[in-house]
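Listed here are the chains, written in short residue letters.
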Amino acid sequence: LKRMYLGDHDILHQKDKELGKPDNRLVVNFAKYMVDTLNGYFIGNPIKTIHPVPEVADKMRDIAKRNNQNDNNAELSKLCSIYGHAYEFLYQDEEANTRVTYIEPHNAFVIYDDTIAQEPLYAVYLRQDGDNIQGTLYSKHDETPFYTNDKKEIVIEESSTEHYFGDVPIIEYVENEERQSVFEGVETLINAYNKAISEKANDVDYFADAYLAILGVELDEETVKNIRDNRVINLKDGDTN
């Protein structure tokens, strides 16, 4: 889905045409158009947050300003439209300031309970470290690092650190209940459209590169001057090569 949004569509990776045949690879990025247009309408005007208690409202503004929250919200909304869901991550920096950022779905997931409420129990943030994986397991109260060793075994460290948020600090945002991308339902149509216009361009190039062969008649000099532009091959009597 991310490749399609970035314009790296399937047609760019199809098998090459035979040598000498036109091989246009045209991409019309409807996926990006759909995501950007939807989010322009949805979150083009930044989200406003208010609170009736002035002290709390001031603290909220400080946190939003420190974290460029308008940009975070816009990026979070865009990721939801691309992947169908995305995550917001709360953490404390080196100066104990509350920080907020976004995480793409392939770097995190949330574990919910099996009740009707589907309350979050844990969250996992992970990242690739060469051939191994490093990450952190978050509960409602603490965070515990883990990693994979050379045997590809998951090793959870014994020591945990309290994070003081009072809840799982990774929040999932979903585009819809099915967690489907905005353009996932028309992905095959986009690929078919790319193929159709690419083959049409191939046909145009094929006919544009065609030459008219005139055999057995010698053309006058004025006509021969335009032979390249008119794509004409003139073979007189006796010309066999």
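Quick caveat: nothing in here was measured; it's all calculated off a predicted structure. (Residues numbered from 1 in each chain as written. Predicted model: local features only at pLDDT ≥ 70, side-chain atom pairs only at ≥ 80, totals over all residues. Heavy atoms only, no water.)

For the rest of this paragraph, the subject is the overall build of the chain. Along its length, the chain carries seven helices and 11 strands. In the chain, which comprises 241 residues, the proportion classed as buried is 26%. Summing over all exposed atoms, the chain offers an accessible surface of approximately 16900 Å²; the carbon and sulfur share of this is 52%. (Helix = DSSP H or I, 4+ residues; strand = E, 2+ residues; numbered from the N terminus. Buried < 20%, exposed > 50% of the residue type's maximum accessible area, 1.4 Å probe, protein only. Areas by Shrake-Rupley, 256 points an atom, 1.4 Å probe, with all protein chains shown as cover.)

All right, on to helix H5 (residues 187–208) then. Given a rise of 1.5 Å per residue, 22 residues ought to cover 32 Å, and the 32 Å separating the end C-alpha atoms of H5 matches this to within 8%. Taken as a whole, H5 has its buried residues at Ile190, Asn191, Asn194, Ser198, Ala201 and Asn202. Along the axis of H5, the buried positions cluster into a sector of 105°, meaning they face one direction only. Set apart from the buried face of H5 by more than 90 degrees, the exposed residues are Thr188, Leu189, Lys200, Tyr206 and Phe207. Against helix H1 (2–5) and helix H2 (30–43) lie the buried residues of H5. (Expected span 1.5 Å × (residues − 1). Arc of directions from axis to C-beta. Contact = heavy atoms within 4.5 Å.)

Quick look at the environment of threonine 136 now. Here threonine 136 shows up in strand E5 (residues 132–138). Residues threonine 136 and tyrosine 147 lie 11 residues apart in sequence; the distance between their C-alpha atoms is 8.4 Å.

Note on soluble globular proteins: their nonpolar side chains tend to be buried together. Counting residues in hydrophobic clusters, the biggest one holds 12 residues: Met4, Tyr5, Ala31, Val35, Leu76, Leu79, Cys80, Ile82, Tyr83, Ala86, Phe183 and Ile190. Of all the secondary-structure elements, those providing two or more residues to this core are H1, H2 and helix H4 (69–83). Sort the elements by how many residues they give to this core and H4 lands first, with five residues. Not counting residues within four places of it along the chain, the set of residues in contact with valine 35 comprises Tyr5, Lys78, Ser81, Ile82 and Phe183. Counting residues in hydrophobic clusters, the runner-up holds nine residues, among them Tyr87, Val110, Ala123 and Val168. (Core = buried A, V, L, I, M, F, W, Y, C linked by side-chain atoms within 4.5 Å.)

On the surface, a nonpolar cluster with roughly 320 Å² of combined accessible area is contributed by Phe109, Ile111, Leu121 and Tyr122. For the nonpolar patch, the elements supplying multiple residues, two or more each, are strand E3 (108–112) and strand E4 (120–129). Of note, phenylalanine 109 is situated in strand E3. (Patch = residues over 30% accessible without salt bridge, like charges linked within 9 Å, V, L, I, M, F, W, Y side chains within 5 Å. Salt bridge = Lys/Arg side-chain N within 4 Å of Asp/Glu carboxyl O.)

Once that is clear, we can look at the sheet that holds strand E1 (residues 85–92). Pairing within the open sheet is antiparallel, and its three strands lie in the order E2-E1-E9. Looking at strand neighbours, the two that pair on one side only are strand E2 (98–103) and strand E9 (170–174), the edges of this open sheet. On average, adjacent strands in this sheet sit at an angle of 25° to one another, irrespective of strand direction. With five bridges joining them, E1 and E9 adopt antiparallel strand pairing. Note on E9: the bridge partner recorded for phenylalanine 89 is isoleucine 170. Its contacts with the sheet put H4 on E1, E2 and E9, and the angle it makes with E1 is roughly 145°. (Pairing = 2+ DSSP bridges. Axes fitted to C-alpha atoms, helices over the stretch in contact; angles between N-to-C directions.)

Moving on, we come to the packing of H2 against H4. Put simply, H2 and H4 touch, their axes get as near as 10 Å, and they point 140° apart. Considered as vectors, H2 and H4 are oriented oblique to each other. As H2 packs across H4, the resulting crossing turns out to be right-handed. Across the interface between the two elements, Val35, Leu38, Asn39, Phe42 and Ile43 from H2 touch Asn73, Ala74, Ser77, Lys78, Ser81 and Ile82 from H4. Along the lines of polarity and charge, the residues of the contact of H2 with H4 split into six nonpolar, four polar and one charged. (Parallel < 35°, antiparallel > 145°, perpendicular 65-115°, else oblique. Left-handed = near helix turned anticlockwise from the far one by under 90°. Nonpolar A, V, L, I, M, F, W, Y, C, P; charged D, E, K, R; others polar.)

Looking now at the environment of serine 159. Within the secondary structure, serine 159 is located in the loop between strand E7 (154–156) and strand E8 (161–162). Sequence-wise, serine 159 and aspartate 142 are 17 residues apart; in three dimensions their C-alpha atoms are separated by 10.0 Å. Excluding residues that lie within four positions of it along the chain, serine 159 makes contacts with Thr144 and Pro145.

With that out of the way, let us pick up unusual backbone geometry. Its identity is not glycine, yet glutamine 118 carries a phi of approximately 50°, on the positive side. In this structure, glutamine 118 sits in the loop between E3 and E4. Located in the positive-phi region is tyrosine 164, a residue other than glycine, with phi close to 70°. Mapped onto the fold, tyrosine 164 is located in the loop between E8 and E9. Relative accessible area serves as the criterion here: at 67%, tyrosine 164 is assigned to the exposed category.

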